[in-house]
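# Structure at a glance
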Amino acid sequence: MLEYIPGLAGVPATESAISSIDGKNGILAYRGYSIEDLVKNASFEEVAMLLRDGELPSAGALEDFNKVLHQRYEVKRDIRHMMWALPANGHPMDVLQTAIASMATFYPDAGAQDPNSAYTQSALTKIIANMSTLVAMWARISTGYDPIQPNNKMSYAKNFLYMSFGEEPDDDIVKLFDACLILHAEHTINASTFSAMVTASTLANPFASVSAAVGTLAGSLHGGANEDVLNMLDEIGEVTNVRPYIENRLKNKQVIWGMGHREYSVKDPRATILQSMIEDYVKKTNMTLTKRFEVAMEVERVCEELLGTKGVYPNVDFYSGILYTEIFKIPRKHFTPIFAMARSSGWVAHWHEQVAHNRIFRPTQIYTGADFRPYPQK
């Protein structure tokens, strides 16, 4: 008899060589390299190549990739006009999904029939390059300002911040933002990556697959959770309110945003890195954060006391919202699109891996409806 497993929890859906998780020991690795080593030593561009090719690039190959990626920052004029025609209050993820899907019309021959062709590989690079430009463009367009032209002499992280704010960021901010992109670049078969793979398995073009992934990431149980964490921290307000707040939510079986992860029974290694980065930056710059960070650390302490035995610890969303809003000064509604920017490198790697050894996804179901019955005679 078939067993129904809600959410396909723990059900292997594919074989992949792209990333791995050791949830018991809190280890995340891309192609065998720990996320800690990559954040310390690599750039986002280098990680994108690692995810795509399976190996770290040589210095020359990385330089060539940087040139190609940076030259493709610019977005087609018609896509820019389309974005101006959309409602200014449209959610950035809906706009991003629309824009990515529309890119397929400009690359009609990019497809699964020949995934290794120069044309299709160029399209995959174009997706990563344009994601940052589209997110920054909508941040400007939605507030009535013309987009800032990308600068193809800048790194991916620096160019995004430049397009978003109109001035060159300092090196410490760029390094911090680049690390965030690396942390969010890939995370095995999560919901959005699975969406991309299912779409790819039909031999759909990569733009359709990434568009499907963007739509999946938009949900608050996936990419939107860091906004909910900030709302929760603001609702708590003071450190002294943390324990009664947490106890009340547990009593009423309510979600504590940013706590717990399907894959980890210890603290998410990305959360550990983000917390450390915030602390290091604040110490280096003497920056004063709002009470959110202090409240967040108390929430973590109380939750560890009350939920640690159940393996519930902070995930990547718990500290990322604080970093984005207080250090980068990015509005909350743009958090998830930035997540999508970074994750695009993982999505295109999974698209390529899927179509290279493809079989269309066709799971079964357990039927719970009415028994077979005849149509009633009138």
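Presented here is an overview of the structure given in this document.

Bringing the packing of helix 5 (residues 92-102) against helix 6 (residues 118-141) into the picture now. Orientation of helix 5 relative to helix 6, taken along the N-to-C sense of each, is 135 degrees, at an axis distance of 10 Å. With respect to each other, helix 5 and helix 6 are oriented oblique. Two packed elements cross with a definite hand, and for helix 5 against helix 6 that hand is right-handed. In contact with Pro92, Val95, Leu96, Ala99 and Ile100 of helix 5, helix 6 contributes Met131, Leu134, Val135 and Trp138. Residues of the contact of helix 5 with helix 6, tallied by class, amount to nine nonpolar, no polar and no charged.

Before going further, it helps to spend a moment on the environment of Ile338. Summarising the element assignment, Ile338 is placed in helix 16 (residues 335-356). Given the relative accessible area of 1%, Ile338 is considered buried. Excluding its chain neighbours within four sequence positions, the residues that come into contact with Ile338 are Val135, Phe160, Phe177, Leu181, Tyr324 and Ile330.

A few words on the packing of aromatic side chains. A full pass over the atoms with the stated rule returns eleven aromatic pairs. A centroid spacing of 6.4 Å and a plane angle of 55 degrees characterise the contact between Tyr73 and Tyr156, whose relative ring orientation is tilted. With a gap of 83 residues between them, Tyr73 in the loop between helix 3 (59-71) and helix 4 (77-85) and Tyr156 in helix 7 (residues 156-165) connect regions that are remote in the sequence. The class of Tyr73 is buried, set by a relative accessible area of 0%. Considering the side-chain rings of Tyr107 and Tyr119, the 6.3 Å spacing of their centres and the 55 degrees angle between planes classify their relative orientation as tilted. Note that Tyr107 is positioned in the loop between helix 5 and helix 6 and Tyr119 in helix 6, a separation of twelve residues in sequence. Given a relative accessible area of 15%, Tyr107 falls into the buried group. Residue classification places Tyr119 among the partly exposed residues on the basis of a relative accessible area of 35%. Among the aromatic residues, those joined into a ring-pair cluster are Phe160, Phe177, Tyr324, Phe328 and Phe335.

This next bit is on helix 14 (residues 291-307). When the terminal C-alpha atoms of helix 14 are compared, their 23 Å separation across 17 residues agrees well with the 24 Å that a helix rising 1.5 Å per residue should span. By the burial criterion, the buried members of helix 14 are Arg292, Phe293, Val295, Ala296, Glu298, Val299, Glu300, Val302, Cys303 and Leu307. Buried positions along helix 14 lie against helix 11 (225-236), helix 12 (242-251), helix 13 (269-285) and helix 15 (317-327).

Most often, soluble globular proteins have nonpolar side chains that are buried together. Counting residues in hydrophobic clusters, the biggest one holds 110 residues, and the most contacted among them are Tyr30, Met131, Phe177, Val299 and Phe328. Residues contacting Phe328, with those up to four places away along its chain left out, are Phe165, Ile173, Leu176, Phe177, Cys180 and Leu323.

Here the focus is the packing of helix 14 against helix 15. When two helices pack together, their arrangement is given by the angle between the helix axes and by the axis-to-axis distance. Where helix 14 meets helix 15, the closest approach of the two axes is 11 Å, and the angle between their N-to-C directions is 175 degrees. The pairing of helix 14 with helix 15 is recorded here as roughly antiparallel in orientation. Here Arg292, Phe293, Ala296, Met297, Val299 and Glu300 of helix 14 come into contact with helix 15, specifically with Phe318, Tyr319, Ile322, Thr325 and Glu326. In terms of residue class, the contact of helix 14 with helix 15 is made up of seven nonpolar, one polar and three charged.

Another aspect to go through is the pattern of salt bridges. Under the criterion given, the structure shown has 14 salt bridges. In this structure, Arg292 engages Glu326 in a salt bridge whose closest nitrogen and oxygen atoms are separated by 2.9 Å. Taken together, the positions of Arg292 in helix 14 and Glu326 in helix 15 put the pair 34 residues apart, joining distant regions of the chain. In this structure, Arg292 and Glu326 share a single accessibility class: buried. Linked through salt bridges whose partners overlap, the residues forming this network are Arg243, Glu247, Glu298, Arg301 and Glu305.

Turning to the pairing of strand 2 (residues 27-30), a few remarks are in order. Sheet topology places strand 1 (residues 19-22) next to strand 2; four bridges connect them, and they run antiparallel. Of the residues in strand 2, the one forming a bridge with Ser19 is Tyr30. Between strand 1 and strand 2, which follow one another and run antiparallel, lie four residues, and Gly26 among them has a positive phi close to 65 degrees. Relative to strand 3 (residues 33-34), strand 2 runs antiparallel, the two being bridged by two bridges. When the sheet's bridge partners are listed, Ala29 is paired in strand 3 with Ser34. As consecutive antiparallel partners, strand 2 and strand 3 are separated by two residues, and within that stretch Arg31 has a phi angle of approximately 50 degrees, a positive value.

Reading the values: rules and limits
Residue positions are given per chain, counted from 1 along the sequence in the order it is written. Local features in this predicted model are restricted to residues of pLDDT 70 or higher, and side-chain atom pairs are both shown and tallied only at a pLDDT of 80 or more, whereas totals for entire chains, interfaces and linings draw on every residue. Each side-chain value is derived from all of the structure's non-hydrogen atoms; neither hydrogens nor water enter the calculation. Helix axes are fitted to C-alpha atoms over the stretch in contact, other axes to C-alpha atoms as well, and angles between N-to-C directions run from 0 to 180 degrees. Secondary structure counts use DSSP, requiring at least four H or I residues in a row for a helix and at least two E residues in a row for a strand, with both numbered from the N terminus. The scheme is simple: roughly parallel for angles under 35 degrees, roughly antiparallel for over 145, roughly perpendicular for 65 to 115, oblique for anything else. Crossing handedness is read from the near helix: turned anticlockwise from the far helix by less than a right angle, it gives a left-handed crossing, and turned clockwise, a right-handed one. The contact criterion used is simple: two residues touch if any of their non-hydrogen atoms lie within 4.5 Å. Only Asp, Glu, Lys and Arg are considered charged in this grouping, and only Ala, Val, Leu, Ile, Met, Phe, Trp, Tyr, Cys and Pro are considered nonpolar; every other residue, Gly among them, is considered polar. Burial status follows relative accessibility: with a 1.4 Å probe on protein chains alone, a residue under 20% of its type maximum counts as buried, one over 50% as exposed, and anything between as partly exposed. Pairs were defined over the aromatic rings of Phe, Tyr and Trp, the Trp ring being its six-membered one, requiring ring centres within 6.5 Å. Orientation was assigned from the angle between planes: stacked under 30 degrees, edge-to-face over 60, tilted for the rest. To estimate the expected span of a helix, subtract one from its residue number and multiply by 1.5 Å. Grouping buried Ala, Val, Leu, Ile, Met, Phe, Trp, Tyr and Cys residues that are joined through side-chain atoms within 4.5 Å yields what is termed a nonpolar core. Salt bridges are defined as contacts in which a side-chain nitrogen from Lys or Arg sits within 4 Å of a carboxyl oxygen from Asp or Glu. Being paired, for any two strands, means DSSP has found at least two bridges between them.

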